[in-house]
Amino acid sequence: MSLDIKTTYIERETVWCVELVGEIDIYTANKFREMFEELYEKKRENIEIDAKNLDYIDSTGLGVMIGALKKLRKENKKITIINVKSNIKRVLEITGIDKIFIEN
Amino acid sequence: MSLDIKTTYIERETVWCVELVGEIDIYTANKFREMFEELYEKKRENIEIDAKNLDYIDSTGLGVMIGALKKLRKENKKITIINVKSNIKRVLEITGIDKIFIEN
Amino acid sequence: MQNLKKQEIITNTKKQQIKLSVPNEPEYLSVVRLTTSGIANRVGFDLEEIEDIKLAVAEACTNAMTHGKAENGNYNIEFTIEKESMIIEVKDSGKGCMVENIRKPQERELAEGGLGVFIIKSLMDKVEISSKLGKGTTIKMMKKIGGK
Amino acid sequence: MQNLKKQEIITNTKKQQIKLSVPNEPEYLSVVRLTTSGIANRVGFDLEEIEDIKLAVAEACTNAMTHGKAENGNYNIEFTIEKESMIIEVKDSGKGCMVENIRKPQERELAEGGLGVFIIKSLMDKVEISSKLGKGTTIKMMKKIGGK
Ligand SMILES: Nc1ncnc2c1ncn2[C@@H]1O[C@H](COP(=O)(O)OP(=O)(O)O)[C@@H](O)[C@H]1O
Ligand SMILES: Nc1ncnc2c1ncn2[C@@H]1O[C@H](COP(=O)(O)OP(=O)(O)O)[C@@H](O)[C@H]1O
């Protein structure tokens, strides 16, 4: 019923690793948005989200991710998600957002 | 949000072992009561309740246990509880029922 | 026990309602999700269906909070359990909207908003939105029990 | 975001209410427990306090169902969150009782009943029972936030 975020910059691969633990909804979305803003200020690089311990995301959280992606795309960078749980995969698929964030 | 019960008669120790998994409230108390009635019909022996996987019990459940104990006491038998979780121990202590069911 | 058995039979034929009134505050949305999961589980939906219902209800509640913004500070959720379906109504008494203006999101557009109603419609078996400008909005959704 | 921050400040000064209306059926008691745990967790109670509140509310609901037996088939629970405490009222519109006849259970007696109200009083910081014969009963209980 809360959201914990751990961010690490991996020098060698020039990528931000973002580990999400918990739930993203209208209550925790601000924290999620601020994290993207912070990373953007620090280093405009690709972001890889590890969703292994993310239990829930709703349209508010997806909106934050799309907003962050739009900004990064202007720098030719991308956001990808790995280790997505089945219920979250379902939302991504329904909204067509899987094609944008999940690499094959 | 349900109750599973496993009963085994241990010949060597002449005792019924009762394993409870789940929660006992007004919804599941009937099942709990029927279990005691069944054991009573089969063999009027001591009963040992293993509460390792019992997450919750309320006054309805305690009432069933007291009722069963009253009947068994007339046969000089007893009911004991082992492996009690802290929240359940608290209820037993508050009501003074720990003295009746928990052996030291 | 005789009594309880009798009661159970009556229960199965009449429909039952659970009502929840929640403050217009994001922090209580997790409570709504928990309650919704508990009811859906009790009614007999499977794990995947429970996730669907939970998300759909949460999306409707998010809309009630962000678009509805009812003055009295609370919005309402009603769960009606029938023999073959569960109906959930999320009602706010907020500013309302023009229902015919709600559009399906365009995939290529990468829109940050406009996903909520689309998600609800995708996850539930039937969805009706009714709204009166200045009077509030009701999103009514239905999921069949054992509908797979 | 600016807006949300402002809202949070307002939030902290006014009291908030969550209301739940539940059918008089034992099968929904687990839903009440889940909702109660969720609210208590949100409000900031620790694990042990959450267990206490959950049990106290469940005992009051069991009484509403067994003794109250409201005609319309539902009973109500109201959670009021104040700055320093949570107040929970369990209300039925059932047959009521003579409050002064409710007694502390006698330890030596091994009574199968009469534990519910005693447990509620033991677990909560303040408990008031009001009842009118034929009109229903309200059990109002309070737990201090950070009261340890
Ligand atoms: N409870 C509501 N009150 C007022 N308007 C609403 C409500 N729910 C939905 N709407 C309208 O429907 C639109 C689409 O909602 P939705 O698909 O959830 O996307 P978003 O909330 O991101 O705009 C909203 O922008 C709003 O105009
Ligand atoms: N909601 C209620 N409606 C009517 N009577 C009630 C209610 N709650 C409690 N009572 C009265 O208080 C008594 C004590 O309740 P309680 O301590 O829970 O024990 P028990 O339910 O086992 O009798 C009940 O027997 C009943 O007479």
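Use the structure listed above.
Cut-offs applied
Residues numbered from 1 in each chain as written. Chains lettered and ligands numbered in written order. Predicted model: local features only at pLDDT ≥ 70, side-chain atom pairs only at ≥ 80, totals over all residues. Heavy atoms only, no water. Helix = DSSP H or I, 4+ residues; strand = E, 2+ residues; numbered from the N terminus. Buried < 20%, exposed > 50% of the residue type's maximum accessible area, 1.4 Å probe, protein only. Contact = heavy atoms within 4.5 Å. Areas by Shrake-Rupley, 256 points an atom, 1.4 Å probe, with all protein chains shown as cover. Rg over C-alpha atoms; globule rule 2.2 N^0.38 Å. Salt bridge = Lys/Arg side-chain N within 4 Å of Asp/Glu carboxyl O. Polar contact = N/O pair within 3.5 Å; in protein donor to acceptor, adjacent residues only side chain to side chain. Pairing = 2+ DSSP bridges. Phe/Tyr/Trp six-rings, centres within 6.5 Å; stacked < 30°, edge-to-face > 60°. Lys NZ or Arg CZ within 6 Å of the ring centre and 35° of its normal. Least-squares fit on C-alpha atoms with pLDDT ≥ 70 in both. Axes fitted to C-alpha atoms, helices over the stretch in contact; angles between N-to-C directions. Near = heavy atom within 4 Å.

A.B. asks: Account for the overall build of chain C, naming residues and giving values.
C.D. replies: Each helix and strand counted, chain C has four helices and five strands in total. Across chain C, helices and strands are ordered from the amino to the carboxyl terminus as α-β-α-α-β-β-α-β-β. Here chain C, with 148 residues, has 53% of them falling under the buried criterion. In chain C, the proportion of contacts linking residues at least 24 apart, taken out of those at least 6 apart, comes to 67%. When the accessible area of chain C is evaluated, it comes to approximately 7600 Å², of which 48% is carbon and sulfur surface.

A.B. asks: Could you give an account of the overall build of chain A, naming the residues involved and the relevant values?
C.D. replies: What chain A contains, in helices and strands, is four helices and four strands. Along chain A, from the amino end to the carboxyl end, the secondary structure elements read β-β-α-β-α-β-α-α. In terms of overall dimensions, chain A is globule-like: its C-alpha atoms have a radius of gyration of 13 Å, near the 13 Å expected for 104 residues. Expressed as lengths along the three principal axes of its C-alpha atoms, the size of chain A is roughly 30 × 30 × 20 Å.

A.B. asks: Describe the interface of chain C and chain D, and please don't skip the residues or the numbers.
C.D. replies: If you look at the interface, chain C gives 25 residues, while chain D gives 25 residues. Where chain C meets chain D, there are zero salt bridges. Here chain C and chain D share nine residue pairs in polar contact (both at pLDDT 80 or more) between them. Contributing elements (two or more residues each) for the side of chain C that touches chain D: α1 (2–13), β1 (16–23), α2 (29–43) and β2 (74–81) of chain C. With three bridges joining them, β1(C) and strand β1 (residues 16–23) of chain D adopt antiparallel strand pairing. Among the inter-strand pairings, Lys19(C) is bridged to a residue of β1(D), identified as Ser21(D).

A.B. asks: How would you explain the packing of aromatic side chains if you had to name every residue and give the values?
C.D. replies: Overall, the coordinates contain four aromatic pairs over all chains when judged by the stated rule. Relative to Phe36(A), the ring of Phe32(A) lies with its centre 4.9 Å away and its plane at 65°, an arrangement referred to as edge-to-face. Placement of both Phe32(A) and Phe36(A) in helix α1 (residues 29–42) is noted, with a separation of four residues, approximately one turn of the helix. Given a relative accessible area of 7%, Phe36(A) falls into the buried group. The residue whose ring lies beneath Lys43(B) is Tyr9(B), and the NZ or CZ to ring-centre distance is 5.2 Å. Looking at Arg33(D), its charged tip hangs above the ring of Tyr56(B), at a distance of 4.2 Å from the centre.

A.B. asks: Would you mind going over the relation of the copies chain C and chain D in detail, with residue names and values included?
C.D. replies: Between the two copies of the chain lies a relationship made up of a rotation around an axis and a movement along it. In the superposition of chain C on chain D (RMSD 0.0 Å, axial shift 0.0 Å), the rotation amounts to 180°. Classification of the inter-copy transformation places it as that of a two-fold axis. Judged by C-alpha distance, Leu20(C) is the residue of chain C that lies nearest the rotation axis, at 2.3 Å. A symmetric contact is evident, with 100% of the interface residues of chain C recurring at the interface of chain D.

A.B. asks: Run through the sheet that holds strand β3 (residues 85–92) of chain D, naming residues and quoting values.
C.D. replies: On the basis of which strands lie adjacent, the open sheet formed by 10 strands has the order β4(C)-β5(C)-β3(C)-β2(C)-β1(C)-β1(D)-β2(D)-β3(D)-β5(D)-β4(D) and antiparallel pairing. Across the chains shown, the open sheet's two edge strands, defined by having one partner strand only, are β4 (126–132) of chain C together with β4 (126–132) of chain D. Geometrically, the sheet is characterised by an average inter-axis angle of 10° between neighbouring strands, direction not taken into account.

A.B. asks: Before we move on, can you summarise the site of ligand 2 with the specific residues and values?
C.D. replies: All names here are of chain D. Near ligand 2 lie 14 residues; those nearest to it are Asn63, His67, Asp92, Gly114 and Val117. Within the backbone of Gly114, an N or O atom sits 2.7 Å from an oxygen atom of ligand 2. Backbone polar atom of Val117 to an oxygen atom of ligand 2: 2.8 Å apart, as the coordinates give it. If ligand 2 stood free it would expose 540 Å²; the protein chains cover 78% of that surface. Secondary-structure elements contributing two or more residues to the shell around ligand 2 are α3 (47–68) and α4 (116–123).

A.B. asks: Can you break down the site of ligand 1 residue by residue, with the values?
C.D. replies: All names here are of chain C. Around ligand 1 there are 14 residues in total, and Asn63, His67, Asp92, Gly114 and Val117 lie nearest to it. Within the side chain of His67, one N or O atom sits 2.7 Å away from an oxygen atom of ligand 1. Burial of ligand 1 by the protein amounts to 78% of the accessible area it has alone, namely 530 Å². For the shell around ligand 1, the element with the highest residue contribution is helix α3 (residues 47–68), accounting for four residues.

A.B. asks: Break down unusual backbone geometry for me, citing the residues and quoting the values.
C.D. replies: Phi at Thr14(A) is positive, roughly 40°, even though this residue is not glycine. Looking at the element boundaries, Thr14(A) is found in the loop between β1 (3–10) and β2 (15–24). Backbone geometry at Asn83(B) places phi at a positive 55°, although glycine is not the residue there. Residue position: Asn83(B) is located in the loop between β4 (79–82) and α3 (86–95). Looking at Asn83(B), the relative accessible area reads 44%, which means it is partly exposed.

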